Amino acid sequence: MTAPRTLFDKIWDRHVVHDREDGQSLLWIDRHFVHEGSHHAFAKLRERGARVSRPELTIGIADHYVPTRTRDLGRADPQIADMVRRLERNTADQGVRLFGLNDPRQGIVHVMGPEQGFTLPGLTMVCGDSHTSTHGAFGTIAFGIGASEVAHVLMTQTLWQRRPKRMRVRFDGRLAPGITAKDMALAFIATVGADGARGHAIEYAGEAVRGLSMEGRLTLCNLSIESGGRCGMVAPDETAFAFVKGRPYAPAGEAFDRAVEAWAALPSDAEAAFDREVVIDAAAIAPTVTWGVSPEDALPIDGTVPDPARIADASRAAHAREAIDYMGLRPGQRLTDVAVDRVFIGSCTNARIEDLRAAAAVLKGRRAAVPGLVSPGSMIVKAQAEQEGLDRIFTEAGLEWVASGCSMCVGMNGDIAAPGERCASTTNRNFKGRQGPGARTHLMSPAMVAAAAVAGRLADVREILGETA
Amino acid sequence: MQPFVELTAPACPLPLSNVDTDQLIPARFMSRPRAEGYGDFLLHDLRREAGGALDPDFPLNAHPGAKILVARRNFGCGSSREAAVYALADFGFACVIAPSFGDIFASNAVNNGVLPATVEEAEAETLLAAVGAGAELTVDLAAQEIRGAGPALRFTVDPVWRTKLLNGWDDVDLTLSHAEAIAAFATADAAARPWAQLRAERGGGSA
């Protein structure tokens, strides 16, 4: 009889190549995604004259820099085109499969990975992108790494890591109607802070998590890094197995059945110990929006901008003052009085088909009061949305429907907001300048962004939907 | 990699919390090759006034020659971009002192010979005040001490990172010494978890 173990520990233990006395473990990596931004790591390999050790476990995807309004690199900004071509060259030189700009399966790495069946329960997955935590939705250890580590994984298919502490975040009870995984994540981050889960592997549990679709779980795990967590996971169950079954790169037939047997043993044992437990009342979560410049600056939509003068801690008060100043808000201002200039629906956080359906449900038969961009998470999501007629709902509302990429989440491809512009966004970071120099970002769910588009200000989606009910 | 043992140098106060990697280096600069140097991009937008000129009052501009940076909690949160560390290192910083760091940033820092030194929040405030008044600091990694701002302060750093920094070690060489264990693991794993394997695509390159 072995000691009770958590989901995280079961997967970790299975991947240890070598344990060192000082507490570092050399872990085997099952899947490694590279993108245009991985050029620094490929350059390190060239410096050493090294080859990719296991190219079949490495997957290249063009997403961070790809233009969304054209797929013709000849018409794109030359610097951006160069980044996409550099990825093509690096992956071709090293024999790594690539889902390039004009591949019909191209998409944001954290949307495309699960879609193609690269993401499976029980794996270790890394990528030079902090939102790699997304894949934990399947019960996999997935986390972002820097360029030196990317180069290390390319050369050795392993990574040195210290076992993090384990944290369980339990969402008790059921979500109220209209509340989504995005609201759960923002509520959690506001509770513990942007460094609250630092040094911890998070396992999301509880009735409200079990009730989420895979899309919802992907959103929840995606935002783990915004609480400082090393990774975020949900125990794999029938919902996860059903999603994986039949995906192009997932095991099939007898191999799938054997895999499910292994996956079913992964959930944390009943008596497994966690270093920290956070309990959140899911039924009490309201539609949540950010007001400041850190994802921890999140409040229910019926709230008001905090008053720094009432914050006792000096450094926290200073942060609030800075944030309010940058965001052009007033202490005590009602969030629903904050006018927005544009909206963005997209990113690895919230650009899956369910997200687009939720936004379209609000926009159907309505006009957006402000301009905005809708960028599906992958070209497969785009095709699906067009088959369902969602693209027409967005364009008839006055929003622009474009191709897939990281787009306005990080602004690397030139999709940005102007200085001082305020954007209601389904993305993951409201950092200063993230959506363009001087741009102001408010994070929220796709339905809430759609509500803000219709109202021209931050708005409670339940009120807008209630108007027609 | 250059070892980090002890550093006595001017320091720069950055009294901000949650200094994310988008602040440390805005995404639009990251397509440049490292050889061009990333120092000019460090805190690019925060350092400048609306018109683009350097803001003389911004700490980084007011403390030229600083090699140690002191900040508030959650320094380096956000994206995994190692370019954030390239910008710090190329600007001249070899050490950042803060009450907490983003995990990925801290790991990237160590991989580039930059020491992330963790102190208590109150100690960070003490250091911010002292270096704001012009104090030079000594960061002694062997003793895990910061001197120069009143009584010596003890900082924490992962012991493995400490050893790595003190010796200037590179992970890849160390890992390659375990090549046999890695190969043995891969062989056993392929048999034990056939469902977890991926096959190479014919011709490699484009899928």
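In the block above lies the structure referred to throughout.
If you're wondering where the values come from, they're calculated on a predicted model, not measured in any experiment.

J.: When you look at the overall build of chain B in this model, what are you seeing that I'm missing?
T.: Scanning chain B from N- to C-terminus turns up eight helices and seven strands. Principal axes of the C-alpha set define a box for chain B whose edges measure 65 × 45 × 25 Å. With 207 residues in all, chain B has 56% of them scored as buried. Once local pairs closer than 6 in sequence are excluded, the contacts in chain B between residues at least 24 apart make up 66%. About 8300 Å² of surface is accessible on chain B, with carbon and sulfur atoms providing 53% of the total. Placing the 16 positive and 26 negative side-chain charges of chain B at their respective mean positions leaves the two points 5 Å apart.

J.: Got a minute to help me understand the overall build of chain A in this structure?
T.: Of the regular secondary structure elements, chain A holds 16 helices and 19 strands. In terms of C-alpha radius of gyration, chain A reaches 21 Å, essentially the compact-globule figure of 23 Å for 469 residues. Residues counted as buried form 67% of the 469 residues belonging to chain A. Counting contacts in chain A only where the partners sit at least 6 residues apart, residues at least 24 apart contribute 76% of the total. Put simply, chain A shows about 15600 Å² of open surface, and 48% of that area lies on carbon and sulfur atoms. For chain A, the separation between the mean place of its 54 positive charges and that of its 57 negative charges on side chains is 2 Å.

J.: Help me out: how do you make sense of the interface of chain B and chain A in this one?
T.: Much of the literature gives interface size as the accessible area that the parts lose upon coming together. In this complex, chain B contributes 65 residues to the contact, which on the side of chain A involves 80 residues. Asp-173 of chain B is paired through a salt bridge with Arg-48 of chain A; the nearest N and O atoms lie 2.7 Å apart. Viewed at the interface, chain A and chain B are joined by 28 residue pairs in polar contact (both at pLDDT 80 or more). Every element with two or more residues in the side of chain B that touches chain A is listed here: α1 (21-24), α4 (103-110), α5 (121-132), α6 (159-167), α7 (171-176) and α8 (179-192) of chain B.

J.: Mind showing me how you'd approach the environment of Ile-145 of chain A here?
T.: Structurally, Ile-145 of chain A is set in the loop between β7 (141-144) and α5 (147-156). Put simply, Ile-145 of chain A and Ala-92 of chain A are 53 residues apart on the chain and 22 Å apart in space, counted from C-alpha to C-alpha. Ignoring anything within four residues of it in the chain, the contact list for Ile-145 of chain A reads His-32, Val-126, Cys-127, Gly-128, Asp-129, Val-150, Val-153 and Leu-159 of chain A together with Ser-80 and Ile-104 of chain B.

J.: Looking at this structure, how should I read the sheet that holds strand β2 (residues 68-71) of chain B?
T.: Strand pairing in a sheet relies on backbone hydrogen bonds, with the paired strands running either antiparallel or parallel. All names here are of chain B. Taken in spatial order, the seven strands of this open sheet run β4-β3-β2-β1-β5-β6-β7, and their pairing is mixed. Sheet topology places β4 (115-118) and β7 (153-154) at the edges, where each strand pairs with a single neighbour. Note: strand β5 (residues 136-140) against strand β6 (residues 145-147), three bridges, orientation antiparallel. Bridge assignment links Val-139 to a residue of β6, and that residue is Ile-146.

J.: For this particular structure, what's the right way to read unusual backbone geometry?
T.: Glycine aside, residues mostly have negative phi, and peptide bonds are mostly found in the trans state. All names here are of chain B. Residue Asn-18 is not a glycine yet carries a positive backbone phi of 55°. Tracing the backbone through its elements, the reader meets Asn-18 in the loop between β1 (6-14) and α1. Take Asn-18: its relative accessible area is 7%, and that puts it in the buried class. With a phi close to 65°, Asn-74 is a non-glycine residue in the positive phi region.

Quick notes on the rules
Residues numbered from 1 in each chain as written. Chains lettered and ligands numbered in written order. Predicted model: local features only at pLDDT ≥ 70, side-chain atom pairs only at ≥ 80, totals over all residues. Heavy atoms only, no water. Helix = DSSP H or I, 4+ residues; strand = E, 2+ residues; numbered from the N terminus. Buried < 20%, exposed > 50% of the residue type's maximum accessible area, 1.4 Å probe, protein only. Contact = heavy atoms within 4.5 Å. Areas by Shrake-Rupley, 256 points an atom, 1.4 Å probe, with all protein chains shown as cover. Lys, Arg positive; Asp, Glu negative; His and termini not counted. Charge placed at Lys NZ, Arg CZ, Asp CG, Glu CD. Rg over C-alpha atoms; globule rule 2.2 N^0.38 Å. Salt bridge = Lys/Arg side-chain N within 4 Å of Asp/Glu carboxyl O. Polar contact = N/O pair within 3.5 Å; in protein donor to acceptor, adjacent residues only side chain to side chain. Pairing = 2+ DSSP bridges.

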